[in-house]
Amino acid sequence: MIGALQLLLFILLAVSGMQVVRTREPASQAVAVSFYGLVLALLFFLHQAPDVALSQIAVGAVALPLMILLALAKVRRAEQAREKETQR
Amino acid sequence: MKALRLLLFAAGALGLAAAFVGAGRKLPPVGSYAGAYGEVLNAVALGERRATDVVSAVNFDYRGLDTLGEEFILFTSVLAVATILRRQEDEEDEEDEPKWEPRKAPESDAVRTLGGVLVPLMVSFGLYMISHGAVSPGGGFQGGLVLASAPLVVYLCATAKTFLRIAPPGLTRAGESIGAAGYVLIGCLGVLAGKTFLENVLPLGTPGNAWSSGTILFLNLTVGLAVAAGFTELLSVFVEEVLRREA
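The model shown is predicted, which means the values in this text are computed figures rather than measured ones.

1. Here we look at the overall build of chain A
From N to C terminus, chain A includes 3 helices and 0 strands. Ordered by position from N to C terminus, the α and β elements of chain A give α-α-α. Computed over the C-alpha atoms, the radius of gyration of chain A is 17 Å, more than 25% above the 12 Å expected from 2.2 N^0.38 for a compact globule of 88 residues. Summarising its shape, the C-alpha atoms of chain A cover approximately 65 × 25 × 10 Å along the three principal directions. Across the 88 residues in chain A, those meeting the buried criterion constitute 33%. Contacts spanning at least 24 positions in sequence make up 55% of the contacts within chain A whose residues lie at least 6 apart. When the accessible surface of chain A is split by element, carbon and sulfur atoms take 71% of a total near 5,600 Å². When the 8 positive and 5 negative side-chain charges of chain A are each reduced to one mean point, those points stand 4 Å apart.

Rendered as structure tokens:
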């Protein structure tokens, strides 16, 4: 039972990892990497590593995508300001 | 040309697949463990440190010095990000900078109700995880991140001003410094007691109690404070930028 779940998660991990690479738009990529992090955390948990799984959920599924989104927002703002500069 | 490239790829992929299968067949079965260190720790950690979570006993006691290093990696990264992103004092506001409409607090009852339910849950779960690091999985680092997500949910349910009211930058900066310094100070307790740095010199208590495992509990508390405050500090740099740009 656990073995089958592990196998399923391995396949899901491979598929979602591929999708992270295949996603081209950075904002959607942040969501994809968050899902990937969640799957990885579940896999850690099923391999009896709850400590690592908790860190993985906090960092991989929440903190990393959040930092990417915040950085994107900041970059876009700078781009908008630059566009306005060149229009003058 | 395309067919040739496909052929080249197929040959490479086949070779890689063969190598993977060959390597996979030699893998030890799932759950097998070849080292001796882990077995030893599993056997002695409960008796020596009264910690039921051996991972925490390793992180905050046997290899406590490594965690000190990691803590300062985090401290330095937060400092670096805050320094790069913070607007310099002498940097003047450009007048024709596009101002934004102030972001209103969401009017949706569903969002606000969900936030109201989530925030107390996150705070109590974060505090639980930090204080029970020696007893159950989790610890200062994980609990600190859970705790730091609570102000973020408040921000999503309210405005940027509310975020800065419940997590003022002065407070988060102080929390981060006190957390990082506290780890070193607790480590010095061992030196004061005439033993080595980070030696577990406090009373050990009963296994399974939150008040157990001596310094492991207090090191977890300082790491929790440093991580929660450091992460909130990062968020507040972005939130302050939002406030500044709002008309």
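That covers the picture; the talk isn't over yet.
2. What about the nonpolar core?
Counting 31 residues, the largest nonpolar core has F60(B), F163(B), Y183(B), I216(B), L219(B), F231(B) and L235(B) as its most contacted members. Breaking this core down by element, the ones donating at least two residues are α3 (50–87) of chain A together with α2 (37–49), α3 (54–62), α6 (140–157), α7 (160–166), α8 (169–192) and α9 (215–245) of chain B. Sorting elements by how many residues they give to this core places α9(B) first, with 8 residues. Ignoring anything within four residues of it in the chain, the contact list for F163(B) reads P151(B), L152(B), Y155(B), T232(B), L235(B), S236(B) and V239(B). In this structure, M122(B), A150(B), V153(B) and V154(B) belong to the second largest nonpolar core, which totals 8 residues.

3. Quick notes on the pattern of salt bridges
Residue and element names in this part refer to chain B. Under the counting rule described, the total for this entry stands at 4 salt bridges over all chains. For the salt bridge of R49 with E48, the shortest nitrogen-to-oxygen distance reads 3.7 Å. Assessed through its relative accessible area of 17%, R49 is described here as buried. Here E48 falls in the partly exposed class, since its relative accessible area comes to 39%. Residue R173 is joined to E233 by a salt bridge in which the shortest nitrogen-to-oxygen separation is 3.5 Å. With R173 in helix α8 and E233 in helix α9, the pair connects residues that are 60 residues apart, well separated along the chain. Judged by its relative accessible area of 4%, E233 falls in the buried class.

4. Structural notes on the confidence of the model for chain B
Residue and element names in this part refer to chain B. Averaged over chain B, the pLDDT score is 86; the fraction of residues at 70 or greater is 93%. Mean pLDDT values over the elements of chain B span from 85, in α2, up to 94, in helix α1 (residues 2–25). As a predicted assembly, this complex carries a pTM of 0.83 together with an ipTM value of 0.79.

5. Side note on a nonpolar patch on the surface
Residues M1(A), I2(A), L5(A) and L8(A) make up a contiguous nonpolar surface patch of roughly 450 Å² in combined accessible area. Tracing the backbone through its elements, the reader meets L8(A) in helix α1 (residues 2–22).

6. Thoughts on the interface of chain B and chain A
At the interface, 21 residues of chain B touch 17 residues of chain A. Where chain B packs against chain A, one counts 3 residue pairs in polar contact (both at pLDDT 80 or more). Take the side of chain B that touches chain A: its biggest share by element is 6 residues, from α9(B). Residue classes in the side of chain B that touches chain A are distributed as 14 nonpolar, 2 polar and 5 charged.

7. Remarks on helix α2 (residues 26–46) of chain A
Residues and elements named next belong to chain A. The end-to-end C-alpha separation of α2 is 30 Å, in line with the 30 Å expected for 21 residues at 1.5 Å each. Considered for burial, the residues of α2 that qualify are A30, A32, V33, S34, G37, V39, L40, A41, L43 and L46. Residues of α2 that are buried sit in contact with α1 and α3. Just past α2, the residue Q48 takes up positive phi, approximately 60°.

8. Topic: the side chain of N200(B)
All names here are of chain B. Relative to the helices and strands, N200 resides in the loop between α8 and α9. Overall, the relative accessible area of 14% leaves N200 in the buried class. At 2.9 Å, the side chain of N200 and the side chain of D61 are in polar contact. Within the structure, the side chain of N200 is placed 3.0 Å from the backbone nitrogen of T215, a separation counted as a polar contact. With near-sequence residues (within four places) excluded, N200 lies in contact with R49, D61, S213, G214, T215 and I216.

9. Structural notes on the packing of aromatic side chains
Summed over the entire model, instances satisfying the criterion amount to 4 aromatic pairs over all chains. For the ring pair Y155(B) and F163(B), a centre distance of 6.2 Å and an interplane angle of 80° mean the geometry is edge-to-face.

10. Comments concerning the side chain of R49(B)
Residues and elements named next belong to chain B. Along the chain, R49 turns up in helix α2. Looking at R49, its side chain comes within polar contact range of the side chain of D61, at 2.4 Å. Ignoring any residue separated from it by four or fewer positions in sequence, one finds R49 in contact with D61, Y62, N200, L204, S213 and I216.

So, how was this worked out
- Residues numbered from 1 in each chain as written.
- Chains lettered and ligands numbered in written order.
- Predicted model: local features only at pLDDT ≥ 70, side-chain atom pairs only at ≥ 80, totals over all residues.
- Heavy atoms only, no water.
- Helix = DSSP H or I, 4+ residues; strand = E, 2+ residues; numbered from the N terminus.
- Rg over C-alpha atoms; globule rule 2.2 N^0.38 Å.
- Buried < 20%, exposed > 50% of the residue type's maximum accessible area, 1.4 Å probe, protein only.
- Contact = heavy atoms within 4.5 Å.
- Areas by Shrake-Rupley, 256 points an atom, 1.4 Å probe, with all protein chains shown as cover.
- Lys, Arg positive; Asp, Glu negative; His and termini not counted.
- Charge placed at Lys NZ, Arg CZ, Asp CG, Glu CD.
- Core = buried A, V, L, I, M, F, W, Y, C linked by side-chain atoms within 4.5 Å.
- Salt bridge = Lys/Arg side-chain N within 4 Å of Asp/Glu carboxyl O.
- pLDDT = per-residue confidence, 0-100.
- Patch = residues over 30% accessible without salt bridge, like charges linked within 9 Å, V, L, I, M, F, W, Y side chains within 5 Å.
- Polar contact = N/O pair within 3.5 Å; in protein donor to acceptor, adjacent residues only side chain to side chain.
- Nonpolar A, V, L, I, M, F, W, Y, C, P; charged D, E, K, R; others polar.
- Expected span 1.5 Å × (residues − 1).
- Phe/Tyr/Trp six-rings, centres within 6.5 Å; stacked < 30°, edge-to-face > 60°.

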